[in-house]
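Below, each chain spelled out in residue letters.
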Amino acid sequence: MKFFLDTANIEEIKRINELGLVDGVTTNPTLISKEGRPFEEVIKEICSIVKGPVSAEVIGLNAEEMIKEAREIATWAKNVVVKIPMTEEGLKAVNILSNEGIKTNVTLIFTISQGLMATKAGASFISPFLGRLDDIGSNGVELVRNLRTVLDNYGYETEIIAASVRNIGHLESVAEVGSHIATVPGSLFPKLWSHPLTDSGIEDFLEDWKKYERNMK
Ligand code: G3P
């Protein structure tokens, strides 16, 4: 499974990229707004740090506006992917943009049908939102499992980005059900490599080593 970082924060991206864990980055208007910097500047900087796909979302709600924004965003970097919301106008935009060779990530997917429509329209990526489905008593992981089955049934090359990933359980479950990608918030990443038994194990080993050194003197 590929790991994307769900953040627009440069420090977080640099820190986790140094570990070789970042295959791409996803942003959205909420994440960009937290940085308090110009949208284009932030996306260009992220694209220069990370080699893989970097999603930047449009704001327009009709196809014409989305296409205009997308064509502009696509000039910012070779690895930029335009994020488009899952609406009828969004599908229209995705159809046109994919024919122009502009990669799209259709976001805010909550059903198999939505995922299938976005795939048929030509999306390179689809983003089901796990946490937000769980919030309303649905099952986000099941959606990812079912979407993977549907894409595989017909040999689609569109990749699933499990988004709105809130905890380690989500991450491990979407890996089990075959999500192509999980996009992980910067705050969750350190929890994926940490464990209290690892920390106490290191402390115990060091303590024993000190005793051993004292005895060897
Ligand atoms: O990847 C989508 C993500 O940014 C939304 O997450 O936790 O606000 O549902 P959340």
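Up top you'll find the structure we're talking about.
Residues numbered from 1 in each chain as written. Predicted model: local features only at pLDDT ≥ 70, side-chain atom pairs only at ≥ 80, totals over all residues. Heavy atoms only, no water.

S.K.: Quick rundown of the overall build of the protein chain? Include the residues and the values.
M.R.: Secondary structure summary: the protein chain contains 11 helices and eight strands in total. Counting across all 217 residues of the protein chain, residues that qualify as buried make up 45%. By sequence separation, contacts in the protein chain at least 24 residues apart represent 58% of the contacts at least 6 residues apart. On the protein chain, roughly 11600 Å² of surface is accessible, and the fraction owed to carbon and sulfur atoms is 52%. Of the side chains in the protein chain, 23 bear a positive and 31 a negative charge, and the two mean positions are spaced by 3 Å. (Helix = DSSP H or I, 4+ residues; strand = E, 2+ residues; numbered from the N terminus. Buried < 20%, exposed > 50% of the residue type's maximum accessible area, 1.4 Å probe, protein only. Contact = heavy atoms within 4.5 Å. Areas by Shrake-Rupley, 256 points an atom, 1.4 Å probe, with all protein chains shown as cover. Lys, Arg positive; Asp, Glu negative; His and termini not counted. Charge placed at Lys NZ, Arg CZ, Asp CG, Glu CD.)

S.K.: I'd like a rundown of the site of the ligand, residues and numbers included.
M.R.: Asp6, Asn28, Phe129, Arg132, Ala163, Ser164, Arg166 and Thr183 make up every residue found near the ligand. One of the side-chain N or O atoms of Ser164 is found 2.7 Å from an oxygen atom in the ligand. Between Arg166 and the ligand, the recorded distance is 2.7 Å, taken from a side-chain N or O atom to an oxygen atom. When the ligand sits alone it has 310 Å² of accessible area, and the protein chains cover 80% of it. Comparing atom positions with the cavity grids shows the ligand to sit within the largest pocket. (Near = heavy atom within 4 Å. Polar contact = N/O pair within 3.5 Å; in protein donor to acceptor, adjacent residues only side chain to side chain. 1 Å grid on protein atoms, 1.4 Å probe; cavity = no way out; pocket = protein on both sides within 12 Å on 5 of 7 lines; lining within 4 Å. Sits in = over half its atoms within 2 Å of the grid points.)

S.K.: Tell me about the pattern of salt bridges, and name the residues and values.
M.R.: This structure, assessed with the given rule, holds 12 salt bridges. Put simply, Glu159 and Lys2 hold a salt bridge, and the shortest N to O gap is 2.7 Å. Of this pair, Glu159 sits in strand β7 (residues 159-162) while Lys2 sits in strand β1 (residues 2-6), and the two are 157 residues apart along the sequence. Note on Lys2: relative accessible area 33%, which makes it partly exposed. The partner of Arg37 in a salt bridge is Glu45, with the nearest N and O atoms 2.7 Å apart. Looking at Arg37, the relative accessible area reads 28%, which means it is partly exposed. Each of Arg37, Glu41 and Glu45 takes part in one network of salt bridges that share partners. (Salt bridge = Lys/Arg side-chain N within 4 Å of Asp/Glu carboxyl O.)

S.K.: Explain the layout of surface pockets to me, and be specific about the residues and the numbers.
M.R.: In this approach the atoms are scanned with a rolling probe the size of a water molecule, which exposes any empty space left behind. Considering only enclosed or pocket space, the largest pocket measures out at about 330 Å³ in volume. Every residue lining the largest pocket is counted, 21 residues in all, and those nearest its centre are Asp6, Asn28, Leu31, Arg132 and Ser164. Looking at the lining of the largest pocket residue by residue, the class counts come to five nonpolar, 10 polar and six charged. (Points joined across faces, edges and corners; volume = space filled by probe spheres on them. Nonpolar A, V, L, I, M, F, W, Y, C, P; charged D, E, K, R; others polar.)

S.K.: Mind laying out the nonpolar core, listing which residues take part and the relevant values?
M.R.: Residues Val25, Ile46 and Ile126 are the most contacted members of the largest nonpolar core, which totals 55 residues. Those residues in contact with Ile46 that lie beyond four places of it in its chain are Thr7, Ala8, Ile10, Ile13, Val25, Thr27 and Val54. Judged by nonpolar contacts, the second largest core, of five residues, contains Phe4, Val81, Ile161 and Ile181. (Core = buried A, V, L, I, M, F, W, Y, C linked by side-chain atoms within 4.5 Å.)

S.K.: Now, about the packing of helix α6 (residues 112-121) against helix α8 (residues 140-154): what can you tell me, with residues and values included?
M.R.: At a minimum axis separation of 10 Å, α6 and α8 run at an interaxial angle of 40°. Classed by the angle they form, the pair α6 and α8 counts as oblique. Note on packing geometry: the crossing formed by α6 with α8 is right-handed. Contacts from Ile112, Gly115, Leu116 and Thr119 of α6 reach α8 at Leu143, Asn146, Leu147, Val150 and Leu151. For the contact of α6 with α8, the class distribution of residues is six nonpolar, three polar and no charged. (Axes fitted to C-alpha atoms, helices over the stretch in contact; angles between N-to-C directions. Parallel < 35°, antiparallel > 145°, perpendicular 65-115°, else oblique. Left-handed = near helix turned anticlockwise from the far one by under 90°.)

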